[in-house]
Amino acid sequence: MTTALQTLTGHKDRVWNVSWNPQGTILTTCGTDHSIRIWAKEGDTWTSKNVMSDAHSRTVRCVAWSPCGNTLASASFDATVNIWDCKTADIECVATLEGHDNEVKCVSWSASGSLLATCSRDKSVWVWEVGEDDEYECLAVMPSHTQDVKKVTFHPSLDILASASYDNSIKLYKESNDDWSVFCTLNGHESTVWSIAFDGSGQRLASCSDDRTVKIWQEYQPGNNEGIATPNNEPAWKCVCTLSGFHNRAIYDIAWCRLTGAIATSCGDDVIHVFKEQPQADKNAPMFDLILTIPQAHTDDVNSVSWNPTVAGLLASGSDDCTVKLWDFTHIF
Amino acid sequence: MSGRGGLENINPQVYGRAGNRPEGPNDWNDDVPDLFDAREIFDLIRHIRDPEHPLSLEELNVVEESACEVEDMGEGGQGKVVVHFTPTIPHCSMASLIGLSIRLKLLQTLPARLKVDVRITPGTHASELAINKQLADKERVAAAVENPQLLELPCLRLPEQTPIETQEKTVWSVV
């Protein structure tokens, strides 16, 4: 029975999101108590370094670090996204992105750090350009989904964006001729898609849903060997694996480790699962094994999981039980 | 609310109320674990006010004890509660709001070990699937609850308060 490396308490209400900085030295958490908390390691233990108590006027739903590690973005139910300058210990809000009609659910930075994407219950995905002097310009407003958009995430290296929605679909966006638009829609889930994660290469996408399954999607470029049709000469994405029967309630988050290739899921049944692809698997029909289950990882729904980007096997999780836990899974790799 | 002006269901059928729960021999014994049962869940939700009428959900037969299922594994185990509710008419636009008030009441009073599902009794509403999906989405519920205007509505207030005029709120879609 695996126990947590450490339990971080402090949040006064449910924790919605946990996120590491690119160096893996800072863990940032946010939640319903309107705060963003910054945790760092002091000696052997993780401690609270900063509490931004009224970061927003309502629930803070998501936080994300820019690739340079100097800027933090936070998305809130108050319909805004705040940009925080974290170069010094004196964290300051340098910009507020407004425009969404209602709750902003997620924010994501592109690999280059020059673009930011946000999504909302207003069914739209917005792409912003990061300019000089904390100027953020809206490049695109894409109301492509028919219901709330729960999550957006950029491709690990290219300027390609993916979004997951209450309308059960996943959409992929890219820019052509200075215009951002949808180039592919992934259907297959039977209920809300809560979260998505690209693997390290960006050729695979994992998604988790209220339908209690995880799906793995594979990219097929035009001219691929498998003979998959690529209409409009755009890459096509097909579902190559579905993991079902492992989760008893909605799966709220999924994280794909760039270092180990392991996939972690956090579920409404309080359990954290870790899956890994079988080696020598056929790329078009991969098999994933469940390599670790942590029953009662928390005493309530686990809303978020995130792998540390530099320390293999270190996982953070956030829950409705108001705590954040750190897990050391190095022994399973 | 109805665009026709006035109540949607002008003449609802009114049912009687169940009496108090009979006491058992172990009720006052602290050594016997007291797990939740259907009657207790029903007792928590029966007094919720209907959004339109000055009546409780029990009196309108929107909720009944037989539609509350409980599996309580006790401390340390994970249990679940499933409540089915029956809107008075199949196109009731308040159904979504009633479901939310039931869900909220249970979330506020039950321990974390019990997972709550609130659904429409199958076949009793035109938008059953859409409403069930919304009620199951805890993010939508959380966002709705943060809206102070929504919490002013009679069905979401304490039973003794008098009903006030209701309005559709865009924060919680009335299907």
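All figures in this text were calculated on a predicted structure; none of them were measured in a lab.

> Describe in detail the packing of aromatic side chains, supporting the description with residues and values.
Using the criterion set out here, one finds eleven aromatic pairs over all chains in the structure. Plain terms: the ring middles of Trp-126 of chain A and Trp-128 of chain A are 5.5 Å apart, the flat faces sit at 20° to each other, and that makes the pair stacked. Of the residues examined, Trp-126 of chain A reaches a relative accessible area of 12% and is grouped as buried. Arranged with centres 6.2 Å apart and planes meeting at 70°, the rings of Phe-198 of chain A and Trp-237 of chain A form a pair that is edge-to-face. Taken together, the residues Phe-198 of chain A in strand β18 (residues 193-198) and Trp-237 of chain A in strand β21 (residues 236-243) connect sequence positions 39 residues apart. Of the two residues, Phe-198 of chain A and Trp-237 of chain A, neither departs from the other in class, the shared state being buried. Every member of this aromatic cluster is reached through a ring pair, and the members are Trp-307, Trp-327, Phe-329 and Phe-333 of chain A. In this arrangement the basic side chain of Lys-174 of chain A is found over the ring face of Phe-183 of chain A, its NZ or CZ atom lying 4.6 Å from the centre. Over the ring of Tyr-166 of chain A we find Lys-133 of chain B, and its NZ or CZ is 4.4 Å from the ring centre.

> Give me the UniProt feature "repeat: WD" (unreviewed entry) in chain A: which residues, what numbers.
UniProt records the feature "repeat: WD" (unreviewed entry) for residues 8-39, 53-85, 97-130, 142-174, 186-218 and 295-328 of chain A in the present numbering. Secondary structure over residues 97-130 of chain A splits into 0% helix and 56% strand, and the C-alpha atoms at its two ends are 11 Å apart.

> Before we move on, can you summarise the interface of chain B and chain A with the specific residues and values?
Facing the 18 residues of chain B at the interface are 29 residues of chain A. The interface formed by chain B and chain A includes twelve salt bridges. The salt bridge involving Arg-249 of chain A is made with Asp-117 of chain B; its shortest N-O contact spans 3.1 Å. The interface formed by chain B and chain A holds 21 residue pairs in polar contact (both at pLDDT 80 or more) in total. Of all the secondary structure elements, the ones that give two or more residues to the side of chain B that touches chain A are β3 (114-120), α3 (128-136) and α4 (138-145) of chain B. With five residues, α4 of chain B is the largest single contributor of residues to the side of chain B that touches chain A. Among the residues forming the side of chain B that touches chain A, the class breakdown is six nonpolar, four polar and eight charged.

> Please set out a negative patch on the surface residue by residue, giving values where relevant.
All names here are of chain A. Taken together, the side chains of Asp-90, Glu-92, Glu-132, Asp-133, Asp-134 and Glu-135 make up a negatively charged region of the molecular surface. Turning to its location among the elements, Asp-90 is positioned in the loop between β8 (81-85) and β9 (92-97). Owing to a relative accessible area of 63%, Asp-90 belongs among the exposed residues under this scheme.

> An account of the sheet that holds strand β1 (residues 6-8) of chain A is needed here, citing residue identities and associated values.
Residue and element names in this part refer to chain A. Ordered in space as β1-β28-β27-β26, the four strands form an open sheet in which the pairing is antiparallel. Two strands close off the open sheet at either side, each with one partner strand: β1 and β26 (302-307). Within this sheet the neighbouring strands show an average axis-to-axis angle of 20°, counted without direction. Of the pairings in the sheet, the one linking β1 to strand β28 (residues 324-328) comprises three bridges and is antiparallel in character. Within β28, the residue paired with Leu-8 across the bridge is Val-324.

> Can you lay out the sheet that holds strand β17 (residues 179-186) of chain A for me, pointing to particular residues and giving the numbers?
Residues and elements named next belong to chain A. Read across the open sheet, the four strands follow the order β14-β15-β16-β17; overall the sheet is antiparallel. Lying at the two open borders of the sheet, with one neighbouring strand each, are β14 (149-154) and β17. Going across the sheet, the axis of each strand differs from the next one's by a mean of 25°, ignoring polarity. Relative to strand β15 (residues 160-165), β14 is paired through five bridges, and the arrangement is antiparallel. The partner of Lys-151 across the bridge, within β15, is Ala-164.

Cut-offs used in this document
Each chain has its residues counted from 1, running along the sequence as written. Whichever chain is written first is A, and whichever ligand is written first is 1; the rest continue in order. Given that this is a predicted model, residues contribute local features only at a pLDDT of at least 70 and side-chain atom pairs are listed and counted only at 80 or more, while totals for whole chains, interfaces and linings are drawn from all residues. Hydrogens and water molecules were not included; the side-chain quantities draw on all heavy atoms of the structure. Planes of paired rings set the category: under 30 degrees apart is stacked, over 60 is edge-to-face and the rest tilted, where pairs are Phe, Tyr or Trp rings (Trp by its six-membered ring) whose centres lie within 6.5 Å. The cut-offs for exposure are 20% and 50% of the maximum accessible area for each residue type, with area from a 1.4 Å probe on protein chains only; residues under the lower value are buried, those over the upper are exposed, and the others partly exposed. Per the convention used, a helix needs a DSSP run of H or I reaching at least four residues, while a strand needs a run of E reaching at least two, with both numbered from the N terminus. For a Lys NZ or an Arg CZ to count as sitting over a ring, it must be within 6 Å of the ring centre and within 35 degrees of the ring normal. UniProt positions are given in the numbering used here, feature names are shortened, and annotations may be inferred rather than shown by experiment. Residue contacts follow a heavy-atom distance rule, with two residues in contact if any of their heavy atoms lie within 4.5 Å. Salt bridges, as used here, are contacts in which a Lys or Arg side-chain nitrogen is within 4 Å of a carboxyl oxygen on Asp or Glu. We define a polar contact as two N or O atoms separated by no more than 3.5 Å, with the added condition that, inside protein, one atom must be a possible hydrogen donor and the other a possible acceptor, whereas residues neighbouring each other in sequence contribute only through side-chain atom pairs. Under this grouping Gly is polar, as are all residues other than the nonpolar Ala, Val, Leu, Ile, Met, Phe, Trp, Tyr, Cys and Pro and the charged Asp, Glu, Lys and Arg. Here a patch means residues that are over 30% exposed by relative accessible area and free of salt bridges, tied together within 9 Å if like-charged and within 5 Å if nonpolar (Val, Leu, Ile, Met, Phe, Trp, Tyr). A 1.4 Å probe and the Shrake-Rupley method give the accessible areas. Residues count as covered only by the protein chains that appear here. Charged residues are defined narrowly, with Lys and Arg counted positive, Asp and Glu counted negative, and His plus the chain ends left uncounted. By convention, the charge on Lys lies at NZ, on Arg at CZ, on Asp at CG and on Glu at CD. A strand pair is defined by DSSP finding two or more bridges across the two strands. As a rule, the C-alpha atoms of each element are fitted with a line to give its axis, helices using only the stretch in contact, and angles between N-to-C directions run from 0 to 180 degrees.

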